[in-house]
Amino acid sequence: MSNVRYLTSRELQNDQGKVTGMIKVLVPKDSNDAKVKYVCPMCLKGEDTTAEWKKPFAVECKFCGHKMKLSKLLAQFKKDKKAALAKGG
Ligand SMILES: [Zn+2]
């Protein structure tokens, strides 16, 4: 997988804080097209799609219009990691 520029997968929470969806983003090297696979946490539908790779990265659910932002997810991840460190593991 050396021809991959960026790869991430995140769990997505609905408005009640439950993990009901996920998003996977893959950006090949020398490409500005992100390959996206998601399951929307709000309507539970999903699809494979392609979106322009830019920051902050966000994909709109084509079924219900819910916006899934990657920057927010990264911030959430950092927060979780910090909390884990505070607990000593
Ligand atoms: Zn949706």
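Cut-offs applied
- Residues numbered from 1 in each chain as written.
- Predicted model: local features only at pLDDT ≥ 70, side-chain atom pairs only at ≥ 80, totals over all residues.
- Helix = DSSP H or I, 4+ residues; strand = E, 2+ residues; numbered from the N terminus.
- Core = buried A, V, L, I, M, F, W, Y, C linked by C-beta atoms within 7 Å.
- Buried ≥ 20, exposed ≤ 12 C-beta atoms within 10 Å, placed from the backbone.
- Contact = placed C-beta atoms within 7 Å.
- Pairing = 2+ DSSP bridges.
- Axes fitted to C-alpha atoms, helices over the stretch in contact; angles between N-to-C directions.

Asker: Requested: an account of the overall build of the protein chain, with residues and values cited.
Answerer: The helix and strand tally for the protein chain stands at one helix and six strands. Going from N to C terminus, the protein chain has its helices and strands arranged as β-β-β-β-β-β-α.

Asker: An account of the nonpolar core is requested, with residue identities and associated values reported.
Answerer: Ranked by size, the top nonpolar core spans 11 residues in total: Leu12, Ile23, Val25, Ala34, Val36, Tyr38, Cys40, Phe57, Val59, Cys61 and Met68. At three residues, strand 3 (residues 33-39) tops the list of elements feeding residues into this core. Not counting residues up to four positions away in its chain, the partners in contact with Cys61 are Cys40, Met42, Cys43, His66 and Met68.

Asker: Which residues make up the pairing of strand 4 (residues 46-52), and what are the values?
Answerer: Sheet analysis places strand 3 next to strand 4, joined by seven bridges and oriented antiparallel. Each bridged residue has a counterpart across the sheet, and for Lys37 the counterpart in strand 4 is Asp48. Taking the residues between adjacent antiparallel strands as the criterion, strand 3 and strand 4 are bridged by six residues, where Leu44 takes a positive phi near 65°.

Asker: Lay out unusual backbone geometry with the relevant residues and their values.
Answerer: In this model, Lys55 is joined to Pro56 through a cis peptide bond whose omega is 0°. Of note, Asp30 is a non-glycine position whose phi angle comes to about 60°, a positive value.

Asker: Outline the sheet that holds strand 3, supporting the account with residue identities and numerical values.
Answerer: The strand order 1-2-3-4 describes an open sheet built from four strands, whose pairing is antiparallel. Of all the strands in the sheet, just strand 1 (4-13) and strand 4 have a single pairing partner and so form its edges. Put simply, the sheet's adjacent strands are angled 15° from each other on average, direction ignored.

Asker: Requested: an account of the environment of Met42, with residues and values cited.
Answerer: Of note, Met42 is situated in the loop between strand 3 and strand 4. The spatial distance from the C-alpha of Met42 to the C-alpha of Lys67 is 9.8 Å, given a sequence separation of 25 residues. Leaving out residues up to four positions away in the same chain, Met42 has contacts with Asn14, Cys61, Cys64 and His66.

Asker: Describe the environment of Cys64, listing the residues and the values that go with them.
Answerer: Inspection of the secondary structure puts Cys64 in the loop between strand 5 (58-60) and strand 6 (67-69). In this structure the C-alpha to C-alpha distance between Cys64 and Met42, which are 22 residues apart in sequence, comes to 7.8 Å. Setting aside residues no more than four positions away along its own chain, Cys64 makes contact with Cys40, Met42 and Cys43.

Asker: A description of the environment of Phe57 should follow, citing residues and the corresponding values.
Answerer: On the secondary structure map, Phe57 appears in the loop between strand 4 and strand 5. Here Phe57 falls in the buried class, since 21 other C-beta atoms lie within 10 Å of it.

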